[in-house]
Amino acid sequence: LTNLLIFNIMILTKTEKSIGIVLAILLLLLTLSGSGYFFFTLKVNFVQWLAYNACSPSSLVYLGCFIAFWLTKKSFWLPLAFLPMYYFGTMGLFTFTWNGANIFAQLSHITMTLNLLWAGYTLYRIGDYKGFAQGLLWSILLFVPYIAFVMYYCRTHTEEISNLLQMTP
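Note that the structure is predicted; figures quoted are calculated from it, not measured. (Residues numbered from 1 in each chain as written. Predicted model: local features only at pLDDT ≥ 70, side-chain atom pairs only at ≥ 80, totals over all residues. Heavy atoms only, no water.)

Let's talk about unusual backbone geometry
And then number 1: Despite not being glycine, K43 has its phi angle at roughly 55°, a positive value.
And then number 2: Inspection of the secondary structure assignment puts K43 in the loop between α2 (14–41) and α3 (46–52).
And then number 3: In this structure K43 comes out as exposed when scored by relative accessible area, which is 64%. (Helix = DSSP H or I, 4+ residues; strand = E, 2+ residues; numbered from the N terminus. Buried < 20%, exposed > 50% of the residue type's maximum accessible area, 1.4 Å probe, protein only.)

See below:
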């Protein structure tokens, strides 16, 4: 069965593989740019970055899982980052405004969502539903506490985040 799954990864077309790689590189560039903005322009510390720019840590986890997927050929890795990518990326499309400085954030959210769609399509093509279920279960177990931390931290630091991002509380 393992050899069959490895073979299934190899039957992805060159175009399918290329799209995944291009989307991952685009996500990396947007993540580095967004993180640079938070660290160097806004001068946040690591904990603030984890909470106020949750898309970047989520994207870095996905990129690590993407690389692990290509190196190990195990489908378990791709869905491991689904929960935070969906929660902070796809749901960000509906919670952020579509004007001003948020346009850059929305580009990141779109790219996160496109990476999720590519990963979901790839997992469907491979057909390893057991690996998908295991990765998704671990995603829930690992990232629900992180999402809870982000929500709690932002709720208890509303004035700080409003001042930092020049929003009205």
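Overview of the packing of aromatic side chains
And then number 1: Across all of its chains, the model carries 15 aromatic pairs by this definition.
And then number 2: Taken together through their ring pairs, the aromatic side chains of Y52, Y87, F88, Y146, F149 and Y153 make up a single cluster. (Phe/Tyr/Trp six-rings, centres within 6.5 Å; stacked < 30°, edge-to-face > 60°.)

Considerations on the packing of α2 against helix α7 (residues 102–126)
And then number 1: The interhelical angle for the contact between α2 and α7, taken along N-to-C directions, is 150°, at an axis separation of 9 Å. Overall, the two elements α2 and α7 adopt an arrangement that is roughly antiparallel. Seen from above, α2 lies across α7 with left-handed handedness. Residues E16, I19, G20, L23, A24, L26, L27, L30, S33 and G34 of α2 pack against F104, L107, S108, T111, M112, L114, N115, W118, Y121 and R125 of α7. (Axes fitted to C-alpha atoms, helices over the stretch in contact; angles between N-to-C directions. Parallel < 35°, antiparallel > 145°, perpendicular 65-115°, else oblique. Left-handed = near helix turned anticlockwise from the far one by under 90°. Contact = heavy atoms within 4.5 Å.)

Notes on the packing of helix α4 (residues 55–72) against helix α5 (residues 82–90)
And then number 1: Where α4 meets α5, the axes come as close as 9 Å, and the angle between the chain directions of the two elements is 145°. Considering the relative orientation of α4 and α5, their crossing is left-handed. When α4 is examined against α5, the residues C55, S58, S59 and Y62 are found in contact with a partner set consisting of P84, M85 and F88.
And then number 2: Class assignment for the residues of the contact of α4 with α5 results in five nonpolar, two polar and no charged. (Nonpolar A, V, L, I, M, F, W, Y, C, P; charged D, E, K, R; others polar.)

Quick look at the environment of F82
And then number 1: As for its position among the elements, F82 is in helix α5.
And then number 2: When the C-alpha atoms of F82 and S58 are compared, they prove to be 8.9 Å apart, with 24 residues separating the residues in sequence.

Section: the pattern of salt bridges
And then number 1: Under the counting rule described, the total for this entry stands at one salt bridge.
And then number 2: As a salt-bridge pair, R125 and E16 come within 3.1 Å of each other at their nearest N and O atoms. Of the two residues, R125 sits in helix α7 while E16 sits in helix α2, which places them 109 residues apart along the sequence.
And then number 3: Judged by relative accessible area, R125 falls into the partly exposed class, the value being 28%. (Salt bridge = Lys/Arg side-chain N within 4 Å of Asp/Glu carboxyl O.)

Observations concerning the nonpolar core
And then number 1: If you look at the biggest cluster of nonpolar residues, it comprises 35 residues, and the most contacted ones within it are Y62, F66, L78, M85, F88, W118 and Y146.
And then number 2: In contact with L78, other than residues within four places in its own chain, are Y62, F66, F69, W118, A119, T122 and L123. (Core = buried A, V, L, I, M, F, W, Y, C linked by side-chain atoms within 4.5 Å.)

So, the environment of M151
And then number 1: Here M151 lies in helix α8 (residues 129–156).
And then number 2: Residues M151 and Y52, spaced 99 residues apart in sequence, show a C-alpha to C-alpha distance of 9.6 Å.

What about α7?
And then number 1: Under the 1.5 Å per step criterion, the end-to-end length of α7 is 36 Å for 25 residues, consistent within 8% with the ideal 36 Å.
And then number 2: Where α7 ends, the next residue or the one after it, G127, has phi of about 80°, a positive value. (Expected span 1.5 Å × (residues − 1).)

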